[in-house]
Structures are given as C-alpha cells and as structure tokens.
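# Examining the three-dimensional arrangement
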Amino acid sequence: MSDQTPGAPDFLTKPTLTGETVLLRPVTEDDVPALTPMFRDAELARLTGSHAGDTFDEPWLRRWYASRDEQDGRVDLAVVERATGNVVGEAVLNEYDRGNESCNFRIALVPHGHGRGLGTEATRLIVGHAFEQLGLHRVSLEVYAFNPRARRVYEKVGFVAEGVLRDALLWEGARVDATLMSILAPEWFRHRGNPRGRVAKVP
C-alpha cells in the first residue's frame, strides 16, 4: 500500500511514454547490458562530470536497476529506439522536492544513441510527464560549459538558463562552470516542449 498523501504526485506508478522515434518505459535490471556502454564511455564521464572513482560493476548496476520500480520520489525510464527496439539510454526525474513541487532531470545515452534526435524527444516526453501527470511546477538541471550539445537539446525543449555555478567541476586540473537551467509548468503548457513554435504531437 502506498503511503502517499492525497493529491501528492504519483511517482510509484512508472509510466510508459510513446513518441515518434522513442519509447520510454520502466528500466529493469535486464537493461544493464544495453546500458553498460554509458558507464564505460570516457566522453560521457567527462560531459557529466563523473570522476574516475565513480565506477560501477555489473552486480551493483543490476541491484540498482532492479530496485527502481520501488522508488518513490523519482522516475527512472529506459530510452528505447522504436525503429530497432534497442535500449539506448535512460531518462530520470529525481531529487523530488515535495514542498516546492519541483524535481531534477537528467538524461544519458549510449555512444551510438547521439545525433538522431532521440535525446530531444525523450526529454520532451519525460518533462511532459512531470508537468501533465505528476503536476509539478518546476523541473531543473545543471549542464557543464563544455557540453554545448546537451544545452542546445534542453533549450529546444524550453529549458531557460537561470545562472552560472562558477567552477562547479574540477576536471583534469581545470575548473569548469555549470549552467543552472529550468522549465516551469506555465511555460510547458504554453509551448509543450516546442518554444520555437513547432506544434508538438501528443501521443
């Protein structure tokens, strides 16, 4: 039985969200082999600021992903490319702040998942879920200065830069800024993840 209070967002129900090119579904331990390249990708480690000590072996990953269905206050979804059926990454809502009706967002794709718009659509789908189903007011993220590709994706979906966290990351001897970005419910309902004017298709 859920201990959620009436009217609280239902994070325990893990959704399946369908777009044109990707499908998001609850992630499971069976997805670990497909997701493992993310954790071995040096470039992804740099872009996400994951230091060398932040490594995870397969047994740990299996335990982690096996427990995602039980987690309240977060949603962990596998990003599946519809054309192939392959799992190409994960999209996550976490760090739920009940008092302020907000949460954090992050997304990561395996190396061959980039450059085809999969991440952009996955971002729209899960952010839409945050506002339309969970009823949140704010979704935020941080992106490092040396990751302009990710920042462009977030801007396409409607995230707005709010400020700079100076020297937020120490990477191989260099200090790197991070930009704090967010999108608010009124903004989402105005453009539904398409601030440039293209009408989004609602599955």
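Please refer to the structure placed before this passage.
Residues numbered from 1 in each chain as written. Predicted model: local features only at pLDDT ≥ 70, side-chain atom pairs only at ≥ 80, totals over all residues. Heavy atoms only, no water.

## Topic: the pairing of strand β3 (residues 75-81)
A regular strand places its side chains on the two faces of the sheet in alternate fashion. Summarising burial for β3: seven of the seven residues are buried, a large majority. Where β3 meets strand β4 (residues 87-97), six bridges bridge the pair, whose relative direction is antiparallel. Following the sheet pairing, Leu77 is matched in β4 by Ala91. In sequence, β3 turns back onto β4 through a hairpin of five residues, with Gly85 there showing a positive phi of about 80 degrees. (Buried < 20%, exposed > 50% of the residue type's maximum accessible area, 1.4 Å probe, protein only. Helix = DSSP H or I, 4+ residues; strand = E, 2+ residues; numbered from the N terminus. Pairing = 2+ DSSP bridges.)

## Quick word on the nonpolar core
Core analysis: the biggest nonpolar cluster contains 47 residues, and Phe105, Tyr154 and Phe159 have the highest contact counts within it. Residue contributions to this core peak at seven residues, all from helix α4 (residues 118-132). Once residues lying within four places of it in the same chain are set aside, the contact partners of Phe159 are Phe105, Thr123, Val127, Val139, Ser140, Leu141, Tyr154, Met181, Ser182 and Ile183. If you look at the next biggest cluster of nonpolar residues, it comprises five residues, including Leu169, Trp171, Val176 and Ala178. (Core = buried A, V, L, I, M, F, W, Y, C linked by side-chain atoms within 4.5 Å. Contact = heavy atoms within 4.5 Å.)

## Remarks on unusual backbone geometry
One non-glycine residue, Asp167, adopts positive backbone phi at about 50 degrees. Residue position: Asp167 is located in strand β7 (residues 160-171). Located in the positive-phi region is Arg192, a residue other than glycine, with phi close to 50 degrees. Structurally, Arg192 can be placed in the segment after α6 (185-191). With relative accessibility at 33%, the residue Arg192 sits in the partly exposed group.

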